[in-house]
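# Survey of secondary and tertiary structure
Chain by chain, the residues:
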Amino acid sequence: MRRRHPDSVRWTEDYYGDMLRQLSLMGVQLQPGETLYDFARRVDGRIPIEQGNHPMERVADWICGWRFGEIEPPQENLEALCRYHTALEQRLRIMLGAWEYFWKRCVNGFFTRR
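Below or above, wherever it landed, is the structure these notes cover. From a predicted model like this one, the values you see are computed outputs, not experimental measurements. (Residues numbered from 1 in each chain as written. Predicted model: local features only at pLDDT ≥ 70, side-chain atom pairs only at ≥ 80, totals over all residues. Heavy atoms only, no water.)

## Considering the environment of Val9
Note the following rule: Helix numbering and strand numbering both begin at the N terminus, where a helix is a DSSP run of H or I of at least 4 residues and a strand a DSSP run of E of at least 2. Residue burial is assigned from relative accessible area. The probe radius is 1.4 Å, only protein chains are included, and a residue is buried under 20% of its type maximum, exposed over 50%, and partly exposed in between. Two residues form a contact once any of their heavy atoms are found within 4.5 Å.
Counting through the fold element by element, Val9 comes out in helix H1 (residues 8-25). Judged by its relative accessible area of 10%, Val9 is buried. Placed 63 residues apart in sequence, Val9 and Glu72 show a C-alpha to C-alpha distance of 6.4 Å. Contacts of Val9, omitting those with residues within four sequence positions, involve Trp66, Glu72 and Pro73.

Structure (structure tokens):
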């Protein structure tokens, strides 16, 4: 993804959007009236990836920092975002199984991406 979007902000937004798609396939979606931080806490509670580190809350900090404060994410945040995205993808593969993952993520994802 880094080659497609050399701009770190665009790259972060694309990764975040894909993480929302991953979470949706896991049955976790942003609810009406739910803040980004409430959603992040719910995700961290329901899908623990990094014990005690609350990775989705950190992602919410970065997204809010950019969207509301125009604070561009530093390289170490981008690397952490990439690791979290990869961990979610691995969890999704396990949850769905090979065929369902292929159809929902690869085939359907091909047709639904921008």
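Here the narrative resumes.
## Focus on a nonpolar patch on the surface
The line we're drawing: For patch building, the residue pool is restricted to those with more than 30% relative accessible area and no salt bridge; the joining distance is 9 Å between like charges and 5 Å between nonpolar side chains (Val, Leu, Ile, Met, Phe, Trp, Tyr). Each accessible area value is a Shrake-Rupley result obtained with a 1.4 Å probe; residue values ignore everything except the protein chains displayed when judging cover. Salt bridge, as used here, is a side-chain nitrogen of Lys or Arg placed within 4 Å of a carboxyl oxygen of Asp or Glu.
The grouping of Trp99, Phe102 and Trp103 at the surface amounts to a nonpolar patch, some 410 Å² of accessible area in total. Within the fold, Trp103 resides in helix H5 (residues 98-112). Residue classification places Trp103 among the partly exposed residues on the basis of a relative accessible area of 49%.

## Digging into the pattern of salt bridges
If you walk through the whole model with that rule in mind, you get eight salt bridges. With a closest N to O distance of 3.9 Å, Arg10 and Asp14 form a salt bridge. Taken together, the positions of Arg10 and Asp14, both in helix H1 and four residues apart, correspond to about one turn of that helix. Given the relative accessible area of 40%, Arg10 is considered partly exposed. Overall, Asp14 belongs to the buried group, its relative accessible area being 7%. Across the pair Glu13 and Arg67 runs a salt bridge, and its minimum N-O distance is 2.9 Å. Of the two residues, Glu13 sits in helix H1 while Arg67 sits in helix H3 (residues 55-69), which places them 54 residues apart along the sequence. We classify Arg67 as partly exposed; its relative accessible area is 43%.

## Structural notes on H1
For clarity, the threshold we go by: One less than the residue count of a helix, multiplied by 1.5 Å, gives the span that helix is expected to have.
With 18 residues, H1 should cover 26 Å at 1.5 Å per step; its first-to-last C-alpha distance of 26 Å lies within 8% of that length. Positive backbone phi, approximately 90°, marks Gly27, located one or two places after H1.

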